[in-house]
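Listed below, chain by chain, are the residues.
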Amino acid sequence: MNESLDEIEIIRILSARVFSESPRGTEGIGDDCAILPVSDSESWVVSSDMLTENTHFLFDKISPKQLGYKTLAVNISDIAAMGASPVGSFLSIAVNRKIDRNWMEEFSAGYDEVSKACGMPLLGGDTVSSRKGIALNVTVIGKADNRRIKRRSDAKAGDAIFVLDYLGDSAGGLKIIQSSARRSNADQETLVLRHYRPPLFIREAQWLAALPQVHAMMDLSDGIAKDLRHILKASGVGADINTATIPISPALRALSEERGYDTLQLALCGGEDYSLLLTVENGFADTFAQLFHKKFGYLPYRIGRITPRNEILRWLDGEGRPLNRNFYGYTHQQK
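About the cut-offs
Residues numbered from 1 in each chain as written. Predicted model: local features only at pLDDT ≥ 70, side-chain atom pairs only at ≥ 80, totals over all residues. Heavy atoms only, no water. Helix = DSSP H or I, 4+ residues; strand = E, 2+ residues; numbered from the N terminus. Contact = heavy atoms within 4.5 Å. Areas by Shrake-Rupley, 256 points an atom, 1.4 Å probe, with all protein chains shown as cover. Pairing = 2+ DSSP bridges. Axes fitted to C-alpha atoms, helices over the stretch in contact; angles between N-to-C directions. Parallel < 35°, antiparallel > 145°, perpendicular 65-115°, else oblique. Left-handed = near helix turned anticlockwise from the far one by under 90°. Polar contact = N/O pair within 3.5 Å; in protein donor to acceptor, adjacent residues only side chain to side chain. Core = buried A, V, L, I, M, F, W, Y, C linked by side-chain atoms within 4.5 Å. Buried < 20%, exposed > 50% of the residue type's maximum accessible area, 1.4 Å probe, protein only. Patch = residues over 30% accessible without salt bridge, like charges linked within 9 Å, V, L, I, M, F, W, Y side chains within 5 Å. Salt bridge = Lys/Arg side-chain N within 4 Å of Asp/Glu carboxyl O.

A. Expanded view of the overall build of the protein. When its secondary structure is counted, the protein shows 10 helices and 11 strands. A sequence separation of at least 24 residues applies to 84% of the contacts in the protein between residues at least 6 apart. Within the structure as shown, the protein displays about 16400 Å² of accessible surface, and the carbon and sulfur contribution to it stands at 49%.

B. Looking closely at the sheet that holds strand 2 (residues 42-52). One open sheet holds the 5 strands; their spatial order is 1-2-5-3-4, and the pairing between them is mixed. Pairing within the sheet leaves two strands with one partner each, and these edge strands are strand 1 (34-37) and strand 4 (122-129). Pairs of neighbouring strands in the sheet enclose a mean axial angle of 15°, with direction left out of account. Looking at chain direction, strand 2 and strand 5 (residues 135-145) are connected through 11 bridges and run antiparallel. Across the sheet, the residue bridging to Ser48 is Thr139, located in strand 5.

C. How the structure looks around the packing of helix 6 (residues 202-209) against helix 10 (residues 285-296). Running from amino to carboxyl end, helix 6 crosses helix 10 at an angle of 140°, the nearest separation of the two axes being 12 Å. One element, helix 6, and the other, helix 10, form an angle in the oblique class. The element helix 6 and its partner helix 10 pack so that their crossing is right-handed. On the side of helix 6, the interface is formed by Arg203, Glu204, Trp207 and Leu208, while helix 10 contributes Phe288, Leu291, Phe292, Lys295 and Phe296.

D. Focus on the side chain of Thr279. Position of Thr279 among the secondary structure elements: in strand 9 (residues 276-280). Of note is the side chain of Thr279, whose polar atom sits 2.9 Å from the side chain of Asp159.

E. Region of the structure containing the nonpolar core. Core analysis: the biggest nonpolar cluster contains 91 residues, and Leu208, Leu276, Leu278 and Phe288 have the highest contact counts within it. Sorting elements by how many residues they give to this core places helix 2 (residues 64-81) first, with 9 residues. Apart from the residues lying within four places of it in its own chain, the contact partners of Leu208 are Lys150, Leu164, Val214, Met217, Leu276, Leu278, Phe288 and Phe292.

F. Representation of the pairing of strand 5. As paired elements, strand 3 (residues 85-95) and strand 5 share 9 bridges and run antiparallel to each other. Note on strand 5: the bridge partner recorded for Phe90 is Thr139.

G. Molecular detail of a nonpolar patch on the surface. A cluster of nonpolar side chains, Leu36, Val38 and Trp44, forms an exposed patch at the surface whose accessible area comes to about 230 Å². Mapped onto the elements of the fold, Leu36 is located in strand 1.

H. Main features of the sheet that holds strand 6 (residues 160-163). Reading across the sheet, the 6 strands line up as 7-9-6-10-8-11 and stay open at both edges, with mixed pairing between neighbours. Each of the sheet's edge strands pairs with one partner strand only, and the pair in question is strand 7 (214-219) and strand 11 (313-316). Pairs of neighbouring strands in the sheet enclose a mean axial angle of 25°, with direction left out of account. Summarising the sheet, strand 8 (residues 238-242) and strand 10 (residues 301-307) pair through 4 bridges and their orientation is antiparallel. Looking across to strand 10, one finds that Ala239 is bridged to Ile306. This element, helix 2, spans strand 7 and strand 9 of the sheet and lies at about 170° to strand 7. On the sheet, helix 7 (residues 224-235) packs against strand 6, strand 7, strand 8, strand 9, strand 10 and strand 11 and is oriented at approximately 140° with respect to strand 11.

I. How the structure looks around helix 6. Where burial is concerned, most of helix 6 is hidden: 6 out of the 8 residues are buried. Buried within helix 6 we find Ile202, Glu204, Ala205, Trp207, Leu208 and Ala209. Those residues of helix 6 that are buried lie in contact with helix 2, strand 3, helix 3 (101-118), strand 7, strand 9 and helix 10.

This is the structure in structure tokens:
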């Protein structure tokens with residue numbers, strides 16, 4: 001019987017079997033972006049990501065404009081996580097007979113909205129035909145001051161752990177999209193919109209990059225339960241997460257109450273939040289939150305702390321007691 005592989009195992013095999021010895025100063029597999037130094041002071045950061053029909057999106061459930069927006073937005077999230085400034089993108093698209101001129105015009109309008117908002121022009125790519133589903137591959141390039149690049153490997157014991165936005169809304173939106181009993185109300189439309197239009201944190205990320213007290217940073221694509229473990233492994237540390245402080249929107253709470261969903265499971269494991277996860281020097285954490293609020297008009301959410309226990313992730317209740325359950329993140333499968 002053929003062994004089924006998840007995304008992490010595929011990456012492990014490729015990195016072990018394919019030549020990947022990087023030139024001096026270059027950093028490859030293991031972070032949100034590859035880092036390519038161009039001088040002693042600056043580097044290019046590069047990331048490539050793919051969205052495929054029936055795995056990352058449902059053709060009949062998303063408008064072409066929404067898909068265009070999401071295609072670039074989820075890739076810019078990687079640039080933001082490194083603290084880089086966007087430079088440009090490359091789009092490759094495999095299309096089938098479902099794609100006509102009107103669809104392509106609308107898709108381009110959504111992609112263009114993000115491009116203009118982030119100052120990231122489309123620089124090239126490729127188009128091919130597909131006999132089955134649509135596939136979209138985006139490569140994004142950013143530029144970063146070498147002193148300000150944020151890596152997964154820089155978390156330190158004692159750091160406070162922050163996220164910038166509600167967790168689980170995108171997962172809640174996907175539940176609604178997939179449901180045959182979808183009803184139109186403000187809360188549900190908020191969640192659906194969050195799934196289709198992930199937030200852009202470029203301004204926040206560039207500000208965070210300038211703070212030496214901000215140590216590790218990454219974007220949340222597969223749920224914090226999975227993504228936080230990447231930071232713990234890369235940094236050789238552990239974490240305690242106070243689940244009572246996980247930011248959950250009123251809309252997601254209302255949906256969970258109505259349908260009997262496990263709200264915490266959605267928030268920690270649902271995936272496609274595209275918020276930023278970061279660790280901040282403990283003695284600076286309160287000042288950091290105040291400065292962030294003054295700059296952006298909202299507070300970041302402090303949800304836990306980094307511990308010296310190598311790769312041990314503990315989920316705690318509001319009283320600091322370990323929960324009798326564990327959480328693991330999202331793995332992309334056919335929807």
